[in-house]
Amino acid sequence: MQLYIVRHGIAIDREDPKSPPEAERYLTEEGTAKTKQVARSVAAQGITADLLVSSPYLRAMQTAEIFASALEYAKQEISKSEALLPGSEPGAFFRELAKQKEAASVFCFGHAPHLDELVAAAVGVKHPVTELKKAGVALVELKRVSPPSGRLVWLATPKLLRKAGK
């Protein structure tokens, strides 16, 4: 299984007086624009998706929807998983993912540092070895989904992906 791990785009700062509650924080205009560029760049590489799974938080769902558009994936088919919420135990997500036997290419959308913990669990290390930037993408090739056993194929910053898409 190819697992693309995507951190949500730039969202309204939690310290902003206009910031809504944590679950409702949304992508800024800049975050939306930059995330669209990243998603188009990923799609331009010929990458496809069998499954998109997102944290239920608004900013992650907005990021998933942007990628769905770029990957020609039906937005209403995006799954939500509480196992992608901040603070969730990484194994819970991999156990959920193991039930998706038909999915060869999966995108998941969530938050730091949880996604870095997912990458670590997938490659068999106890502590994070990555630091995904907002709208950054990592590809982990899983030989086994649960318990996870895989290798980090690549990790790209949003800046690199945006330049690659030009």
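Attention here is on the structure that accompanies the text. (Residues numbered from 1 in each chain as written. Predicted model: local features only at pLDDT ≥ 70, side-chain atom pairs only at ≥ 80, totals over all residues. Heavy atoms only, no water.)

Right, let's get into the overall build of the protein. When you go through the protein residue by residue, the secondary structure sums to five helices and six strands. Helices (α) and strands (β) of the protein occur, in sequence order from the N terminus, as β-α-β-α-β-α-β-α-β-β-α. Whereas a compact globule of 166 residues would reach a radius of gyration of roughly 15 Å, the protein reaches 15 Å, a difference of no more than 12%. Oriented by its inertia axes, the alpha-carbon framework of the protein measures out at about 45 × 35 × 30 Å. Nonlocal contacts in the protein, meaning residues at least 24 apart in sequence, comprise 70% of its contacts between residues at least 6 apart. Side-chain charges of the protein comprise 23 positive and 19 negative groups, with the mean position of each set lying 6 Å from the other. (Helix = DSSP H or I, 4+ residues; strand = E, 2+ residues; numbered from the N terminus. Rg over C-alpha atoms; globule rule 2.2 N^0.38 Å. Contact = heavy atoms within 4.5 Å. Lys, Arg positive; Asp, Glu negative; His and termini not counted. Charge placed at Lys NZ, Arg CZ, Asp CG, Glu CD.)

We now examine the nonpolar core. In terms of nonpolar packing, the biggest core is built from 46 residues, with Leu-3, Ile-5, Phe-67, Phe-93, Leu-97, Phe-107 and Leu-142 touching the most fellow members. Mapped by element, the contributors of at least two residues to this core are strand E1 (2–7), helix H1 (29–44), strand E2 (51–54), helix H2 (58–71), helix H3 (90–98), strand E4 (105–110), helix H4 (114–123) and strand E5 (137–144). A per-element tally of this core places H2 first, with six residues. When neighbours within four sequence positions are excluded, Leu-97 is seen to be in contact with Met-1, Leu-3, Leu-51, Val-106, Leu-142 and Val-145. (Core = buried A, V, L, I, M, F, W, Y, C linked by side-chain atoms within 4.5 Å. Buried < 20%, exposed > 50% of the residue type's maximum accessible area, 1.4 Å probe, protein only.)

Attention now goes to unusual backbone geometry. Of note, the bond from Ala-112 into Pro-113 is cis; its omega dihedral lies within 30 degrees of zero at 0°. Relative to the helices and strands, Pro-113 is located in the loop between E4 and H4. Between Ser-146 and Pro-147 the backbone carries a cis peptide bond, its omega angle lying at -10°. Tracing the sequence through the fold places Pro-147 in the loop between E5 and strand E6 (149–156). One non-glycine residue with positive phi stands out, namely Glu-72, at about 55°. Mapped onto the secondary structure, Glu-72 falls in the loop between H2 and strand E3 (79–80).

Right, let's get into the sheet that holds E2. Across the sheet, which stays open at both edges, the six strands sit in the order E3-E2-E4-E1-E5-E6 with mixed pairing between neighbours. The open sheet is flanked by E3 and E6, the only strands paired with a single partner. Sheet analysis places E5 next to E6, joined by seven bridges and oriented antiparallel. The residue of E6 that forms the bridge with Leu-142 is Gly-150. Lying on the sheet, H4 is in contact with E1, E4, E5 and E6; it crosses E6 at an angle near 135°. (Pairing = 2+ DSSP bridges. Axes fitted to C-alpha atoms, helices over the stretch in contact; angles between N-to-C directions.)

Let's shift gears to the packing of H3 against H4. Close contact between H3 and H4 brings their axes to 9 Å; oriented N to C, the two are set at 65°. When the interaxial angle is binned, H3 and H4 end up roughly perpendicular. When you trace H3 past H4, the crossing you get is right-handed. Of the residues in H4, those touching H3 at Pro-90, Phe-93 and Phe-94 are His-114, Glu-117, Leu-118, Ala-121 and Ala-122. (Parallel < 35°, antiparallel > 145°, perpendicular 65-115°, else oblique. Left-handed = near helix turned anticlockwise from the far one by under 90°.)

Taken together, the five bridges between E1 and E5 define a ladder with antiparallel strand orientation. Counterpart to Val-6 in the pairing with E5 is Val-137. Counted along the chain from E5 to the antiparallel partner E6, the turn is four residues long.

What follows deals with the environment of Ile-12. Note on placement: Ile-12 falls in the loop between E1 and H1. On a C-alpha basis, the gap between Ile-12 and Glu-29 in space is 9.4 Å, while along the polypeptide they are 17 residues apart. Once residues within four sequence positions are removed from consideration, Ile-12 is found in contact with Lys-18, Ser-19, Pro-20, Arg-25, Tyr-26 and Thr-28.

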